[in-house]
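Secondary and tertiary structure notes
If you want the building blocks of each chain, they are given just below.
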Amino acid sequence: MTFIARRRHLFVLGIAAVAVVMAAPQFASAQQRPGGGFANNPGVRLWNTLDQRFDGFAEQLSLTEAQTLGISLLVENFREENKGALGRYETMMAEMRNRARGARSGGARAGQRPPNRQGMRGAGGALREILQELGPAFEALHTDVTAMLEDDQADRMRELLARQRPGG
């Protein structure tokens, strides 16, 4: 990856982070933790890991078959119980990523209109509602998964999730 491509990637990640923070200021302050709000919520980071990289997660924590099966069932139940909110969350995040990609492609420099930042802010109310709905479910998922782990595995999971923090 070239230097310019890396800078563009960091820029897009920054835009996405700002958009999330601007869209959900009440939720972020309500879920405040040392070091950040919703984006630093361990339940959210755990969900993203389980949803996108479960096999790698299981391998890094050296999960037993029973643990893998139990956590798989937790994830399946979580998806089912939160299907509607997760669908809206994923749709909203995909829209934000697409807008950020539009900004990254240099639309304004190529004679196109710049990205609609007002549109991003306008989606804030809907995103805030989704995040408020999912917040307790993410926390419960984190608690349930942690309860299935041995102490050393739980410590390793905290380390892995901490590495995922933006800019960390």
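Cut-offs and rules
Residues numbered from 1 in each chain as written. Predicted model: local features only at pLDDT ≥ 70, side-chain atom pairs only at ≥ 80, totals over all residues. Heavy atoms only, no water. Core = buried A, V, L, I, M, F, W, Y, C linked by side-chain atoms within 4.5 Å. Buried < 20%, exposed > 50% of the residue type's maximum accessible area, 1.4 Å probe, protein only. Helix = DSSP H or I, 4+ residues; strand = E, 2+ residues; numbered from the N terminus. Contact = heavy atoms within 4.5 Å. Axes fitted to C-alpha atoms, helices over the stretch in contact; angles between N-to-C directions. Parallel < 35°, antiparallel > 145°, perpendicular 65-115°, else oblique. Left-handed = near helix turned anticlockwise from the far one by under 90°. Nonpolar A, V, L, I, M, F, W, Y, C, P; charged D, E, K, R; others polar. Phe/Tyr/Trp six-rings, centres within 6.5 Å; stacked < 30°, edge-to-face > 60°.

1. Brief notes about the nonpolar core
By size, the foremost hydrophobic cluster in this structure holds 31 residues, and its most contacted members are Leu-46, Leu-50, Phe-57, Ile-71, Val-145, Leu-149 and Met-157. Mapped onto this core, the elements with two or more residues apiece are helix 3 (42-60), helix 4 (65-81), helix 5 (83-104), helix 7 (124-147) and helix 8 (151-163). Here this core takes eight residues from helix 7, the largest share from any one element. If we skip the residues at most four places from it in the chain, Leu-149 touches Leu-61, Leu-63, Gln-67, Ile-71, Ala-154 and Met-157.

2. Some words on the packing of helix 3 against helix 4
Look at helix 3 against helix 4: their axes get within 11 Å of each other, and the N-to-C directions meet at 160°. Viewed along their axes, helix 3 and helix 4 adopt a mutual orientation that is roughly antiparallel. As helix 3 packs across helix 4, the resulting crossing turns out to be left-handed. Here Trp-47, Leu-50, Asp-51, Phe-54 and Ala-58 of helix 3 come into contact with helix 4, specifically with Thr-68, Ile-71, Ser-72, Val-75, Phe-78 and Arg-79. Residues belonging to the contact of helix 3 with helix 4 are distributed by class as follows: seven nonpolar, two polar and two charged.

3. Section: the packing of aromatic side chains
As enumerated under the stated definition, the model contains four aromatic pairs in all. Between Phe-54 and Phe-57, the ring centres sit 6.5 Å apart and the planes meet at 40°, which makes this aromatic pair tilted. Linking Phe-54 with Phe-57, this pair stays in helix 3, spanning three residues, or about one helical turn. By relative accessible area, Phe-54 is classed as buried at 16%. Through a chain of ring-to-ring contacts, the aromatic side chains of Trp-47, Phe-78, Tyr-89 and Phe-138 assemble into a single cluster.

4. Here's the deal with the packing of helix 3 against helix 8
Where helix 3 contacts helix 8, the two axes come as close as 10 Å, and the packing angle between them is 115°. The angle between helix 3 and helix 8 places the two elements in the roughly perpendicular class. With respect to the hand of their crossing, helix 3 and helix 8 are arranged in right-handed fashion. Note on element contacts: helix 8 touches helix 3 through Arg-156, Met-157, Leu-160, Leu-161 and Ala-162, opposite Pro-42, Arg-45, Leu-46, Thr-49, Phe-57 and Gln-60. By residue class, the composition of the contact of helix 3 with helix 8 is seven nonpolar, two polar and two charged.

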